[in-house]
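Descriptive structure summary
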Amino acid sequence: DPSNAQWQWNLSACHERLGDVLLRILPAEGRTRRRSRLAIGGGALSAYPDSLAIRDGALSAYRDSLAIRERLATIDPSNEGWQWALSVIHERLGDMLSAQGDPGGALNRWREAYENLAGMQRRGFSLSALSPADRKRIVRLRAKATGKGE
């Protein structure tokens, strides 16, 4: 139901987690093929995953999550959780694009993520209320967004 914000939020989180899982099953560097077992509908499917297809699947899942989060963040710009999650997915996409050799695309995503956080701060969100790990994320993101990181 596209009009149910909570369901849409949950769907965006599922897309994000799918992208995370797909990235975790990529073969280790130096291996040409790795056998994996993927649970599908209660059964299991043996497969020799193609690394490029897995990366493309993760990228697609992150983009699906981004599309939903952009809609939600537009509907309610005061929802700090949605705004934060939007910056997270922009950063993940930037990291993927960087790893795939697209520094321009990565920089654009990192800037979007950082600008989203800066917008939150302009609207009164206190970054000092964040955990130390989240504050470190912002410092890393600032470096990426200004071209001084990654």
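For clarity, every value in this text was computed on a predicted model and none was experimentally measured. (Residues numbered from 1 in each chain as written. Predicted model: local features only at pLDDT ≥ 70, side-chain atom pairs only at ≥ 80, totals over all residues. Heavy atoms only, no water.)

With that out of the way, let us pick up the overall build of the protein chain. When you go through the protein chain residue by residue, the secondary structure sums to 5 helices and 2 strands. N-terminal to C-terminal, the α/β element order of the protein chain is α-β-β-α-α-α-α. Among the 150 residues that make up the protein chain, the fraction classed as buried is 37%. The contacts in the protein chain between residues at least 6 apart in sequence include a share of 61% that link residues at least 24 apart. Counting only carbon and sulfur atoms, one obtains 53% of the accessible surface of the protein chain, whose full area is about 8,900 Å². (Helix = DSSP H or I, 4+ residues; strand = E, 2+ residues; numbered from the N terminus. Buried < 20%, exposed > 50% of the residue type's maximum accessible area, 1.4 Å probe, protein only. Contact = heavy atoms within 4.5 Å. Areas by Shrake-Rupley, 256 points an atom, 1.4 Å probe, with all protein chains shown as cover.)

Residue pairs three or four apart in sequence face the same way in an α-helix, which turns once every 3.6 residues. Taking 1.5 Å per residue as the helical rise, helix α2 (residues 51-75) with its 25 residues ought to reach 36 Å, and the 36 Å between its terminal C-alpha atoms agrees with that figure. Buried residues belonging to α2 abut α1 (5-24), α3 (80-99) and α4 (103-122). (Expected span 1.5 Å × (residues − 1).)

Let us look at the packing of aromatic side chains. Using the criterion set out here, one finds 0 aromatic pairs in the structure. The side chain of R137 reaches across the aromatic face of W84, ending 4.7 Å from its centre. (Phe/Tyr/Trp six-rings, centres within 6.5 Å; stacked < 30°, edge-to-face > 60°. Lys NZ or Arg CZ within 6 Å of the ring centre and 35° of its normal.)

Before going further, it helps to examine the pattern of salt bridges. Summed over all chains, the structure comprises 7 salt bridges. The salt bridge partner of R69 is E16, with a shortest N-O separation of 2.6 Å. Taken as a pair, R69 in helix α2 and E16 in helix α1 lie far apart in primary sequence, 53 residues in all. Of the charged contacts in the structure, one is a salt bridge between E115 and R122, with a shortest N-O distance of 2.4 Å. We classify R122 as exposed; its relative accessible area is 60%. One connected set of salt bridges, linked through shared partners, spans E16, D20, R69 and R92. (Salt bridge = Lys/Arg side-chain N within 4 Å of Asp/Glu carboxyl O.)

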